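Survey of secondary and tertiary structure
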Amino acid sequence: MKIDAVTIFPEYFAPAQLSLLGKAQNKGLVELQVHDLRTFTSDNHNTVDDTPYGGGAGMVMLAEIWGKALDPLMVEDTDLIVLTPAGKRFSQSMAAEFAAKSHLIFACGRYEGIDDRVRQHYSSPEYQSKNVLVHEVSIGDYVLGGGEVASLVMIEAITRLIPGVLGNPESLIEESHNSDGYLEYPNYSKPQEWRGIPVPEILLSGNHAEIAKWRALQANERAKKNL
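Keep in mind it's a predicted model, so treat the numbers as computed, not measured.

1. Observations concerning the packing of aromatic side chains
If you walk through the whole model with that rule in mind, you get two aromatic pairs. When the centroid spacing of 5.0 Å and the interplanar angle of 65° are considered together, the rings of Tyr122 and Tyr127 count as edge-to-face. Positioned above the aromatic ring of Tyr127, the side-chain terminus of Lys130 is 5.3 Å from the ring centre.

2. Looking at helix α6 (residues 147-159)
Here α6 is 13 residues long and its end C-alpha atoms lie 18 Å apart, about the 18 Å a rise of 1.5 Å per residue gives. Counting buried positions along α6 gives ten out of 13 residues, so the element sits mostly inside the fold. Those residues of α6 lying buried are Gly147, Glu148, Ala150, Ser151, Leu152, Met154, Ile155, Ala157, Ile158 and Thr159. On its buried side, α6 packs onto β1 (2-7), α1 (19-26), β5 (79-89), α3 (92-99), β6 (103-107) and β7 (133-138).

3. Things to note about the environment of Tyr122
Take Tyr122: it is sitting in helix α4 (residues 117-122). For the pair Tyr122 and Ile155, spaced 33 residues apart in sequence, the C-alpha to C-alpha distance is 21 Å. If we skip the residues at most four places from it in the chain, Tyr122 touches Trp66, Gly67, Leu70, Asp71, Met74, Leu80, Tyr127, Val132 and Val134. Reaching out from Tyr122, the side chain makes a polar contact with the backbone oxygen of Gly67 at a distance of 3.4 Å. A polar side-chain atom of Tyr122 sits 2.6 Å from a polar atom in the side chain of Asp71.

4. Details of helix α7 (residues 208-225)
Relative to the 26 Å expected for 18 residues at 1.5 Å per residue, α7 spans 26 Å between its end C-alpha atoms, a close match to the ideal helical length. Along α7, the residues that are buried comprise Ile211, Trp214, Ala219 and Ala223.

5. Observations regarding the environment of His135
Note that His135 resides in strand β7. A relative accessible area of 22% means that His135 is categorised as partly exposed. Dropping the residues within four chain positions of it, His135 is found in contact with Asp79, Leu80, Ile81, Val82 and Phe98.

Rules of the game
Note on numbering: residues in each chain are counted from 1, in written sequence order. At least 70 in pLDDT is required for a residue's local features to be given in this predicted model, at least 80 for side-chain atom pairs to be given and counted, and no such filter applies to totals for whole chains, interfaces and linings, which use all residues. Only heavy atoms go into the side-chain values, all of them from the structure, while hydrogens and water stay out. For Phe, Tyr and Trp, where Trp contributes only its six-membered ring, two rings pair if their centres lie within 6.5 Å, and the inter-plane angle classes them as stacked under 30 degrees, edge-to-face over 60, or tilted in between. Any Lys NZ or Arg CZ found within 6 Å of a ring centre and within 35 degrees of that ring's normal is scored as a charge over the ring. Here a strand is any run of E in DSSP of at least two residues, a helix any run of H or I of at least four, and the numbering for each starts at the N terminus. What a helix is expected to span follows from its residue count: subtract one and scale by 1.5 Å. A 1.4 Å probe rolled over the protein chains alone gives each residue an accessible area, and that area as a share of the maximum for its type sets the label: buried under 20%, exposed over 50%, partly exposed in between. Should any heavy atoms of two residues lie within 4.5 Å, those residues are considered in contact. Throughout this description, a polar contact denotes any pair of N or O atoms lying within 3.5 Å of each other; where both atoms belong to protein, one of them has to be capable of donating a hydrogen while the other can accept it, and for residues adjacent in sequence the pair is counted only when both atoms sit in side chains.

So, in C-alpha cells, the structure goes:
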C-alpha cells in the first residue's frame with residue numbers, strides 16, 4: 001500500500017517510523033511519504049491560508065496551494081481522506097475497507113479547515129472516472145489542532161490489517177473492537193495474584209468453552225458501562 005500525507009508539519013509523522021508501522025515500511029508492505037504543503041507556496045511567507053469569505057473567526061487553507069500539492073499525487077485508484085470534525089466517524093470496519101485499497105492520501109487540514117472547493121474538485125466526474133474517491137473522516141466528536149494526529153490514528157489502524165504487518169496474524173482474530181461492537185474482555189498474565197488481586201478462577205480452569213463464555217460476558221459488561 002502507498003500512503004501520502006500532506007501537512008504543514010511533516011515532523012508530526014516521525015512516530016510512523018516506529019513499531020509495527022516502521023517494520024511494515026522496512027518490509028516493503030507499506031510506503032509512506034510525507035509532503036510539506038508549504039513547499040507548494042510561492043510567496044516569501046509561505047502562506048497557506050487566508051480569511052474566510054462571508055466573515056467569521058479563523059483562517060481557511062487555500063484551495064490553490066492544496067491543488068498544487070494534490071495534483072501530482074492523484075493517480076488512478078486513489079482514496080483522498082480529508083480529516084475534518086464534520087466527517088464520517090472512523091471505525092474498525094472503515095479501517096478494514098481502507099486496508100484493501102492501494103493508495104491513500106491524507107489531507108491534514110488546520111485552522112478552520114480546507115477550502116471546500118478542494119473536496120468538490122476531486123469529487124468531480126473527471127476524477128471519479130479514474131476511481132478517485134474523496135472521504136471526509138473524523139476520529140471523534142472533539143476538535144484537534146489539525147489532522148496530523150487523526151491521520152496517525154487512522155494509518156496505524158489501517159496498516160495493521162494489511163497481511164504480513166502483524167507478527168502473529170491470529171491477533172486479528174480477536175480484536176479490541178470486533179464486528180459485533182463489543183469491547184475487548186479484561187486480560188491477565190503472571191503472577192496468579194498481584195497486590196492481593198487474584199486472576200479470576202475461571203481463567204485457570206482450562207475449560208475453554210466456559211472461558212469463552214466468561215470473556216463474552218465481560219466484554220458485554222464493559223460495553224454497557226461505556227454507553
